[in-house]
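Inside the fold
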Amino acid sequence: MRHLIDPMDLSVEDIDRLLDRADDISNYPQKYQEVCKYKKLATLFFEPSTRTRLSFEAAMLELGGSVLGFSSADSSSAAKGESIADTARTVACYADIIAMRHPKEGAPYVASQFVDIPIINAGDGGHNHPTQTLTDLLTIRREKGRLDNFTIGFCGDLKFGRTVHSLIKALSRYENINYVMISPEELQIPEYLKKDVFERKGISFREVERMEEVMPELDIIYMTRVQRERFFNEADYVRLKDSYILDLDKLKNAKEDLSILHPLPRVNEISVKVDSDPRACYFRQALNGKHVRMALIMDLLGVSADEY
Ligand code: CP
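Residues numbered from 1 in each chain as written. Predicted model: local features only at pLDDT ≥ 70, side-chain atom pairs only at ≥ 80, totals over all residues. Heavy atoms only, no water.

**Observations concerning the site of the ligand**
Our working definition: Working definition: residue near molecule or strand if any one of its non-hydrogen atoms lies within 4 Å of it. Here a polar contact is recorded for every N or O atom pair within 3.5 Å, except that within protein the pair must consist of a potential hydrogen donor and a potential acceptor, and residues adjacent in sequence are included only if both atoms are side-chain atoms. Computed with a 1.4 Å probe, the accessible areas rest on the Shrake-Rupley method; for each residue, only the protein chains presented here act as cover. As defined here, a cavity is a set of points on a 1 Å grid over the protein atoms alone where a 1.4 Å probe fits but cannot get out. A pocket is an open set with protein on both sides within 12 Å along at least five of seven lines, and residues line them when an atom is within 4 Å of a point. For this analysis, a molecule is said to be in a pocket or cavity if more than half of its atoms are within 2 Å of the grid points defining it. Note on residue categories: nonpolar means Ala, Val, Leu, Ile, Met, Phe, Trp, Tyr, Cys or Pro, charged means Asp, Glu, Lys or Arg, and polar means any other residue, Gly included. For each domain, the first and last residues come from an automatic or database assignment.
Every residue near the ligand is listed here: Ser49, Thr50, Arg51, Thr52, Arg101, His129, Gln132, Pro263 and Leu264. Contact distances for the ligand include 2.6 Å between an oxygen atom and a side-chain N or O atom of Thr52. Contact distances for the ligand include 3.0 Å between a nitrogen atom and a side-chain N or O atom of Gln132. Coverage of the ligand by the protein chains reaches 92% of its 250 Å² of free accessible surface. The pocket occupied by the ligand, as judged from atoms lying within 2 Å of grid points, is the largest pocket. When the residues that make up the shell around the ligand are grouped by side-chain class, the tally is two nonpolar, five polar and two charged. Both domain 1 (7-128 + 289-301) and domain 2 (130-286) contribute no fewer than three residues apiece to the shell around the ligand.

**Observations concerning the domain arrangement of the chain**
Condition: By buried area we mean how much accessible surface two parts lose on assembly, using a 1.4 Å probe and totalling the loss over both. Should a side-chain nitrogen of Lys or Arg be within 4 Å of a carboxyl oxygen of Asp or Glu, the pair is scored as a salt bridge. Segments assigned H or I by DSSP are reported as helices when at least four residues long, segments assigned E as strands when at least two residues long, and all are numbered from the N terminus.
Assigned domains of the chain: these are domain 1 (7-128 + 289-301) and domain 2 (130-286). The centre of domain 1, based on its C-alpha atoms, is set 25 Å off from the matching centre of domain 2. Buried area between domain 1 and domain 2, summed over both chains or domains, comes out near 2500 Å², and the portion from carbon and sulfur atoms is 55%. Contact with domain 2 buries surface across domain 1, with Met8, Leu19 and Arg51 losing the most and accounting together for 24% of the total. On the surface where domain 1 and domain 2 come into contact, there are four salt bridges. Glu47 is the partner of Arg162 in a salt bridge, and the nearest nitrogen-oxygen pair spans 3.2 Å. The tally of links from domain 1 across to domain 2 stands at 14 residue pairs in polar contact (both at pLDDT 80 or more). Listed by contribution, the elements that provide at least two residues to the side of domain 1 that touches domain 2 are α1 (12-27), α2 (51-62), β3 (97-102), β4 (119-124) and α10 (282-301).

Have a look at this one:
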């Protein structure tokens, strides 16, 4: 693995190795505090972010490395018309590894064609978000103790939700997972996922509009935000934005060991009253993101804790 652009760049063995390393980092952080000394991570964020950018930066700092970068297209020379290729080539002169978020699908892939340092896709439009997928897989493994044999409901914006698309692709390699897609008709998962993932692999899935009717059977519910920035018109966003609000009342019929995941940010699709329910995993999930990004940076840079 040289770059991480798509979750399918990761084999099941890669995932196992990264999640095992993330667990070790979390248990023995002192072992890792100098492994990236003198290495630099550039975070090139052409789209807003809190968790992904800051967890990448915290990850590199906790590995003993340094960080540089920008947090909006406006503060980079993209605002003057510079291409992705030229930006990537330039930053590769200053850094050892790049994490890039971009509103255009495929932008991190384009960057990876022009540089000989690792590029990590930190989210490209409505397409993929492979490091969120690693975060989600680590969370599921930590909460459930396994990555197979469960029923997962994906709820909200399944059409534009890159975290949903990436996680479905990654989970399709694991056994005996039941998929329930909970969304309004306009926000159902894209046809390419139905054909290329579910149909091709012979995986069945259900599509429903009401969360209440499936809640009792779910082991995991993966909530998502309806994303204003992906809609072409405001009226459609306003009509759909409050389609699902998970509150304590809806959880009355849920399993006692349900795991509630959300990649965050949340707007109002999970009531804040749910936050103190032990089944709410989303802030633990945000912490997991730092551990697994530390493991990924080490892997892509080819550094090991054994040398220190
Ligand atoms: N989950 C996630 O990608 O969050 P940010 O947009 O805050 O990075």
